[in-house]
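Descriptive analysis of the structure
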Amino acid sequence: MKAVIPAAGLGTRFLPATKAQPKEMLPVFNKPTIQYVVEEAVSSGIDDILIITGKGKRSIEDHFDRSFELEYSLQNSGKTESLQEIEAISEMADIYYVRQKKQKGLGDAISTAKNHVDGEPFAVLLGDTITQSRIPCTKQLMNTFHKHEASTIAIERVPDEKVERYGIIKGNQISEYVYRIEDMVEKPSLEKAPSNLAITGRYILLPEIFDHIKNVEPGVGGEIQLTDAMRTLSEVYGYVFDGKIYDIGNTVEWLKSSIEIALTDDLVKDELKQYLKELLK
Ligand code: UTP
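A few points on the structure.

Parameters and conventions
Residues numbered from 1 in each chain as written. Predicted model: local features only at pLDDT ≥ 70, side-chain atom pairs only at ≥ 80, totals over all residues. Heavy atoms only, no water. Near = heavy atom within 4 Å. Polar contact = N/O pair within 3.5 Å; in protein donor to acceptor, adjacent residues only side chain to side chain. Areas by Shrake-Rupley, 256 points an atom, 1.4 Å probe, with all protein chains shown as cover. 1 Å grid on protein atoms, 1.4 Å probe; cavity = no way out; pocket = protein on both sides within 12 Å on 5 of 7 lines; lining within 4 Å. Sits in = over half its atoms within 2 Å of the grid points. Axes fitted to C-alpha atoms, helices over the stretch in contact; angles between N-to-C directions. Helix = DSSP H or I, 4+ residues; strand = E, 2+ residues; numbered from the N terminus. Parallel < 35°, antiparallel > 145°, perpendicular 65-115°, else oblique. Left-handed = near helix turned anticlockwise from the far one by under 90°. Contact = heavy atoms within 4.5 Å. Nonpolar A, V, L, I, M, F, W, Y, C, P; charged D, E, K, R; others polar. Core = buried A, V, L, I, M, F, W, Y, C linked by side-chain atoms within 4.5 Å. Buried < 20%, exposed > 50% of the residue type's maximum accessible area, 1.4 Å probe, protein only.

The full set close to the ligand counts 19 residues, and G9, T12, R13, E24 and Q100 are the nearest of them. Between the ligand and A8, the relevant distance is 2.9 Å, taken from an oxygen atom to a main-chain nitrogen or oxygen of the residue. Between the ligand and T12, the relevant distance is 2.5 Å, taken from an oxygen atom to a side-chain nitrogen or oxygen of the residue. Protein contacts shield 86% of the accessible area of the ligand, which totals 560 Å² for the unbound molecule. Its atoms largely coinciding with the cavity grid, the ligand occupies the largest pocket.

Let us now look at the packing of helix α3 (residues 68-76) against helix α4 (residues 80-91). Taken N-terminus to C-terminus, the directions of α3 and α4 make an angle of 160°; their axes are 8 Å apart at the nearest point. As judged from the angle between their axes, α3 and α4 are roughly antiparallel. Every pair of crossing elements has a handedness; the one defined by α3 and α4 is left-handed. Contact with α3, carried on its side by L70, E71, L74 and Q75, involves S82, L83, I86 and E87 of α4 and no other residues of that element. Counted by class, the contact of α3 with α4 contains four nonpolar, two polar and two charged residues.

I5, I34, V38, I49, I51, F64 and I130 are the most contacted members of the largest nonpolar core, which has 37 residues in total. If you list the elements that add at least two residues to this core, you get β1 (2-6), α1 (33-43), β4 (48-53), β6 (122-125), α7 (137-148), β12 (236-240) and β13 (244-247). Tallying contributions element by element places α1 first for this core, with five residues. Those residues in contact with I5 that lie beyond four places of it in its chain are I34, V37, V38, I49, L50, I51, I52, L125, L126 and G127.

Below you can see the structure in the form of structure tokens.
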């Protein structure tokens, strides 16, 4: 299966940090956000990845490319570990790029992947959303997809105050972790939300989605919403993902993800714990 990573958005919630750099390149602890996303696809068994970029996103391409000057310099100064790490980034997967010319929304971004996915089911991983789990989120989703062979999306239960930030589903629970989705609504108010189950940024989609995207009118924020296109599919499943998800486009979530991931790093966790304890005293 191929993966598609949309990363062309403007990132207005994170201005001014995203004025001259992509939000997908913001570091979470010690790596850019999009590297976690690519690593999730790779550890789910995917080695063909299409990244959807746009104006001002060149640094994403540079990040996954070879950097001969840097490699030469690391080699000459004997920094073997760093050298291996840098080389590994450019060898992780076959990465392709397509540009979304105008930021008309996630649905529009996905439609630029049509030729690349070439009539096959494909995984979508939002470039500004990272997950942490024992089994990679996309792998969990692929396992559920293979049971139904219909479009399947990761969902998570969110507290009331977060409902209006997400696409929310209405569905029938058919097993412990799986819902058959009847409807979905993008960023509803709490009163209008059909549940607390939110669409979280990982999808397996059938190629029929491209025709459905073509037929949707601009929705919330005047954008072509992927949620609106998915609403018109005849069969969609929601899988309650077992793990943690962080939307990096939200400043507090970004900060939380950096702290939580740093707290799992053997080199820094003790110092950070001590610092946090003292800070909160
Ligand atoms: P968001 O919904 O977070 O939108 O996109 P955004 O425009 O990037 O950010 P804000 O809301 O202005 O702060 C979710 C994912 O979809 C991509 C983004 O890059 C992000 O990874 N996206 C969004 C596109 O590729 N194209 C778009 O037109 C919109």
